[in-house]
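The chain contents come next:
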Amino acid sequence: MSDEDKKPEALVRRFREDLDRVRSEVGKMIVGQEEILDGVLTCLIAGGHALLEGVPGLGKTMLVRSVAEALHLQFSRVQFTPDLMPSDILGTTIIAEDDEGHKDFQFRPGPVFANIVLADEVNRATPKTQSALLEVMQEHSVTVGKQTHTLEQPYFVLATQNPLEMEGTYPLPEAQLDRFLFKLQVTFPSRDELHAILDRTTGSDKPTLETVIDGPRILEMRSLARDVPVARHVQDYAIRILEGTHPDRDAAPDMVQRFVRFGASPRGAQACLLAAKIQALMDGRFAVGTDDVRAVAKPALRHRMILNFEGEAEGVKTDAILDRILETTKETSG
Amino acid sequence: MTLPDDLRRPLNATALRIRLQRALDAGATLALPGLGLAGLVVALVKTEALAEGAAAPWLWAAGALPVLGLLFGALRPLEPLLAAKLLDRAHGLHDRVSNAVAFSREVERTPFMEAALEDARAHAGGLSASRAMPLRVPRDLLAALGVGVGVALLALVEVPRVVEERLVLSGIDPVQLHADELDAYESELRDLLDSPDTPEEVRDAAREFNRLVEDLADERLDRAEALRRITELEDRLDRTRPADAELMRESLEQIGDDMRRAPVAEELSQALRDGDAERAEAEMRRLAERLRNEELSRAEIERLRQALQRAADNRPEDLSEQLQQREEEMNRLLQRQREQAEQTPPERRLLQRRRRELDRLRREHQEAMERRRQLDRLQRELQQSAESLNQREQQQQSAEDLERAAEQLNRMAREQMSEEEMRRLQQQLAQLREMIRRARQQQAQNGQGQQQQQRGGGQGQGRMDRFVLRANGQGEGMRVVGPGQQGQEGQQPGQQQGQQGQPGGGQGQQQGGQGQNGQGESQEQVLRIGGDGEPTAMLEIPGMGESQQGQGQGSGQLRPGDGAGVGHDPTLADDPTRMRGEHQTVRVEGEHGEGPSRSQVIMGSAQRGFADRGYRDVYTDYSGHAEEVLERDEVPPGYRFYVRRYFQLIRPRD
């Protein structure tokens, strides 16, 4: 790589080009859902994990699978059910016999040993199994017996959950929700998008995806994202938004004070800034702006706020609260 | 790298527009209360609840409010990056400019920061301050304009003025004194009333005096009633005033003389000889302190003891016997008068006067006894102190005795102060009496002229106001008119007939065979003080004029009069203005018209106003000195009035 290629302008240009190619490839399979796709890519580049929430049939699994194919990453999918055990996803030790007849314990890796793991309907598994997955997400390693197995980077978990069928499910505890960088809400496609979906899926042509970037490139992009500077006033803005989610702070709007029990943790601000950096790069800029923070605030914070009884009873959405916080938080602190 | 000029220019322009908008907003906002205040002041002036002169500062304050708002808005610190944020928002730059400003302040910049600066610079070409900060009409401007129009309309409205008419009681001929003169009396007593040390009886008398002055100002009193109330007040002061203050002073002087022989008590001796009880108290305490601290030598103590012993032994003669004699004599006189069957009215009046005199003597006697007791106590303390000194090792006891003597002096000092205040009040009463008498005299002499003066009262007040304005530096300067401008009014024959006769001094003219109506030729010089050729204040100085005003009428042999004659103004019987009665008072007044000399205009220091504080100091010095001289030297009572009146006229005003 020449010196010219190491300049920020060139790095950012290449970053955008790669992402555009990924978008283009995934776009062959997925109609619409650009926002979700950007969110997933942001989480992937930031090194975080994403929680997708949406009703069945909206293409969540297809989207993740397509991303994995476009990125030339190993993909695995786990359908979470109530009888799923931790060893089912982590892997287990079995007795293996070699050609000479010697028997030995061997570790058989589970489905988490991949670059992109789709944990489908994660809220249907028992908390024990959920905890096993969430520990992997945090530590990027699996310990079985006395042996620790490190997962290959990049490692990205994309969990989905169905907001409708809550009967017999185990909603994720708040502490575990906090480990997801984004919570993305998959919305129902528009009429035009539905036309396009039907056109693509009911015909005989089946598009094939090309691999545009690989794992090492993802890691380069992750490193580049961390180099993006954040001015103090932008960082201050992110902090003030975070403070706005806490009902005991002066900056909190009335709505927060009325409906929120606990605000977002500092991980929320970290998620905001990290995602905002990637947002700036996606836009071809060299520094984070308050617009970037505002753009990522909802997916980064919506699952980190815990409503109080009144909020739950009133059916208040955390997105509405975040809208109010963004509305009342001034961009300059003066 | 500092911020590139491409970015700095639109940033500065935006900041300027922000300040301008804020200044306009704050100015319009503060204009509302300012206009409200102005409206209130205008309304008060219209309804005469506030004088026009007093309204000016309020109107200035009202005008200053929007200016202050403008300044506050313009100078209020801007939030950091506000201009940059506005530029970013207006041009959709996603914080490129504000990031550039922030990164330009960083000491160490990463390549990404440099790239961000370059990126912002690349976008700087199309930045427009007017787009970032479009100026709009201030929020409160319309409301301010509305209120302003309302105030202007209010200022144009003519409120019918209520003409204050003087309360003139039917059936009386009120004493008319100039308001300025009466104001002088009130202000003279103000400090006396305000002082917490003023004894209650003096305060009551001062309040009564103020009521009298107010009644005179409202023209509710005729001359007889005014003089009656003055007399009543004087009697009241006489009753409360310590009668034998002179005796007390003499006694203290005597003690002071005796104490002079002790060098250590020299200061104490001097204070006693001066009759200053307050200072004497302080000196005595100091002496006691020295005694207590054993600072005195044996010889000094011995001499002090001798002096104290002498002061204690040397008692003035008892006056009670003398007073008793006078009382018996008075009683005999009263008895004899009662025995007479029929008494003429003059005899009855004499009897009443004697009774009052007797009452006064009794009162004086009682007060003298009280003073005597005070002196006795003082001398007893001195005696004890001397005895303690006589016994060796008893210096502490002696010092305590001296302290007690100082306490006694303290009580005397307080009474001395009270006496001083009463004397001052009596002086004011005497001046007021003289003023009333002169007003009457003036009224009688001028006749028609006085009516003109009454009509021109408002004009005179206006002149006084102009004078005060000049004194405050708002006039055009003071014009001093030379004495010859008005010329002489000439002679007014016959108008003073029978009124200016002065016993023993006047040159009487006997008219026909009656031989009663002695006609005096009075000589007075009238000194006029004022501008514009018209008198503002008048001082009459008897016996110093040259031209004659009155001429007798009638025929008869000319010979010097041997008495005052009859038919003259009875108030002249107690006229104290003559000097030994060997002069002629000639009254001279100016004459309207072209005089021989030209008027002279001197543009003096009053162009820029008097130095008020300096003038007050100078006035206090001079008036105090004049008062001392009047007290100390033999000055005819009439001249005293003129001197005091002069200082009254030139007193510094607020």
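Residues numbered from 1 in each chain as written. Chains lettered and ligands numbered in written order. Predicted model: local features only at pLDDT ≥ 70, side-chain atom pairs only at ≥ 80, totals over all residues.

**Focus on the overall build of chain B**
So, step 1. Helices and strands together make up the secondary structure of chain B, namely 21 helices and 3 strands.
So, step 2. Buried positions account for 27% of the 654 residues belonging to chain B.
So, step 3. Relative to all contacts within chain B whose residues are 6 or more apart in sequence, the contacts with residues 24 or more apart total 77%. (Helix = DSSP H or I, 4+ residues; strand = E, 2+ residues; numbered from the N terminus. Buried ≥ 20, exposed ≤ 12 C-beta atoms within 10 Å, placed from the backbone. Contact = placed C-beta atoms within 7 Å.)

**What to know about the overall build of chain A**
So, step 1. A tally of regular secondary structure across chain A gives 15 helices and 11 strands.
So, step 2. Residues classed as buried in chain A amount to 43% of the 334 residues present.
So, step 3. For chain A, long-range pairs separated by at least 24 residues make up 77% of all intrachain contacts whose partners lie at least 6 apart in sequence.

**Some details on the packing of helix 3 (residues 34-46) of chain A against helix 9 (residues 215-227) of chain A**
Residues and elements named next belong to chain A.
So, step 1. Relative orientation of the contacting elements helix 3 and helix 9 amounts to 85°, with a least axis distance of 8 Å. Taken as axis vectors, helix 3 and helix 9 run roughly perpendicular relative to one another. Within the contact between the two elements, helix 3 uses Leu44, Ile45 and Ala46 and helix 9 uses Ile218, Met221, Arg222 and Ala225. (Axes fitted to C-alpha atoms, helices over the stretch in contact; angles between N-to-C directions. Parallel < 35°, antiparallel > 145°, perpendicular 65-115°, else oblique.)

**A short note on helix 4 (residues 96-104) of chain B**
So, step 1. The buried count for helix 4 of chain B comes to 8 of 9 residues, which makes it a mostly enclosed element.
So, step 2. Buried residues of helix 4 of chain B: B:Arg96, B:Val97, B:Ser98, B:Asn99, B:Ala100, B:Val101, B:Ala102 and B:Phe103, and no others.
So, step 3. Close packing links the buried residues of helix 4 of chain B with helix 10 (232-244) of chain A together with helix 1 (5-46), helix 3 (82-91) and helix 5 (111-122) of chain B.

**As for the interface of chain B and chain A**
So, step 1. Tallying the contact residues gives 18 residues for chain B and 19 residues for chain A.
So, step 2. Going through the elements one at a time, helix 3, helix 4 and helix 5 of chain B are the ones with two or more residues in the side of chain B that touches chain A.
So, step 3. Among the residues forming the side of chain B that touches chain A, the class breakdown is 10 nonpolar, 4 polar and 4 charged. (Nonpolar A, V, L, I, M, F, W, Y, C, P; charged D, E, K, R; others polar.)

**Regarding helix 21 (residues 637-649) of chain B**
Residues and elements named next belong to chain B.
So, step 1. With 13 residues, helix 21 ought to run about 18 Å at 1.5 Å a step, and its terminal C-alpha atoms sit 18 Å apart, in line with that.
So, step 2. Taken together, the buried positions of helix 21 are occupied by Arg640, Phe641, Arg644 and Gln648. Along the axis of helix 21, the buried residues cluster in a sector spanning 100°; they form a single face. (Expected span 1.5 Å × (residues − 1). Arc of directions from axis to C-beta.)

**Some thoughts on unusual backbone geometry**
So, step 1. Cis geometry marks the peptide bond from A:Gln153 to A:Pro154; its omega dihedral reads -5°.
So, step 2. Residue placement: A:Pro154 occurs in the loop between strand 7 (147-150) and strand 8 (156-161).
So, step 3. Its identity as a non-glycine residue notwithstanding, B:His94 has a phi of 50°, on the positive side.
So, step 4. Positionally, B:His94 belongs in the loop between helix 3 and helix 4.

**Looking at the sheet that holds strand 8 of chain A**
All names here are of chain A.
So, step 1. With parallel pairing, 5 strands are arranged side by side in an open sheet as 2-5-8-1-9. Only two strands of the sheet have a single partner each, and these edge strands are strand 2 (75-79) and strand 9 (182-185). When strand polarity is set aside, the average angle formed by the axes of neighbouring strands in this sheet is 20°.
So, step 2. Bridging between strand 2 and strand 5 (residues 116-120) involves 5 bridges; their strand directions are parallel. Counterpart to Ser76 in the pairing with strand 5 is Val117. (Pairing = 2+ DSSP bridges.)

**Section: the environment of B:Arg362**
So, step 1. Topologically, B:Arg362 is positioned in helix 16 (residues 345-390).
So, step 2. For the pair B:Arg362 and B:Glu327, spaced 35 residues apart in sequence, the C-alpha separation works out to 7.7 Å.

**Quick notes on the pairing of strand 3 (residues 91-97) of chain A**
On a regular strand, each side chain points to the face opposite its neighbour's, so the side chains alternate between the two faces of the sheet.
Residue and element names in this part refer to chain A.
So, step 1. Buried residues are scarce in strand 3, accounting for 0 of its 7 residues.
So, step 2. As judged from the 7 bridges shared by strand 3 and strand 4 (residues 103-109), these two strands associate in the antiparallel manner. Residue pairing in the sheet places Gly91 in a bridge with Pro109 of strand 4.
So, step 3. In this structure, the hairpin formed by strand 3 and strand 4 is closed by a connection of 5 residues, where Gly101 is found at a positive phi of approximately 90°.

**Describing the packing of helix 3 of chain B against helix 4 of chain B**
Residue and element names in this part refer to chain B.
So, step 1. Close contact between helix 3 and helix 4 brings their axes to 7 Å; oriented N to C, the two are set at 150°. Between helix 3 and helix 4, the angle is such that the two are roughly antiparallel. Contacts between helix 3 and helix 4 involve Ala84, Lys85, Leu87 and Asp88 from the former and Arg96, Val97, Ser98 and Val101 from the latter.
So, step 2. Looking at the contact of helix 3 with helix 4 residue by residue, the class counts come to 4 nonpolar, 1 polar and 3 charged.

**Remarks on the environment of B:Glu48**
So, step 1. Considering the arrangement of structural elements, one finds B:Glu48 in the loop between helix 1 and helix 2 (52-75).
So, step 2. Considering only alpha carbons, one finds B:Glu48 and B:Val159, 111 residues apart in sequence, at a separation of 9.4 Å.

**With respect to the confidence of the model for chain B**
Residue and element names in this part refer to chain B.
So, step 1. Averaged over all residues, the pLDDT of chain B is 71; the fraction at 70 or higher stands at 65%.
So, step 2. Across residues 448-458, where pLDDT falls below 50, the model places 3 contacts with residues more than four positions away in sequence or in other chains.
So, step 3. Considering only residues more than four positions removed or in separate chains, one finds that residues 473-563, a stretch of pLDDT under 50, has 204 contacts.
So, step 4. With a pTM of 0.50, the predicted complex shows an ipTM of 0.80. (pLDDT = per-residue confidence, 0-100.)

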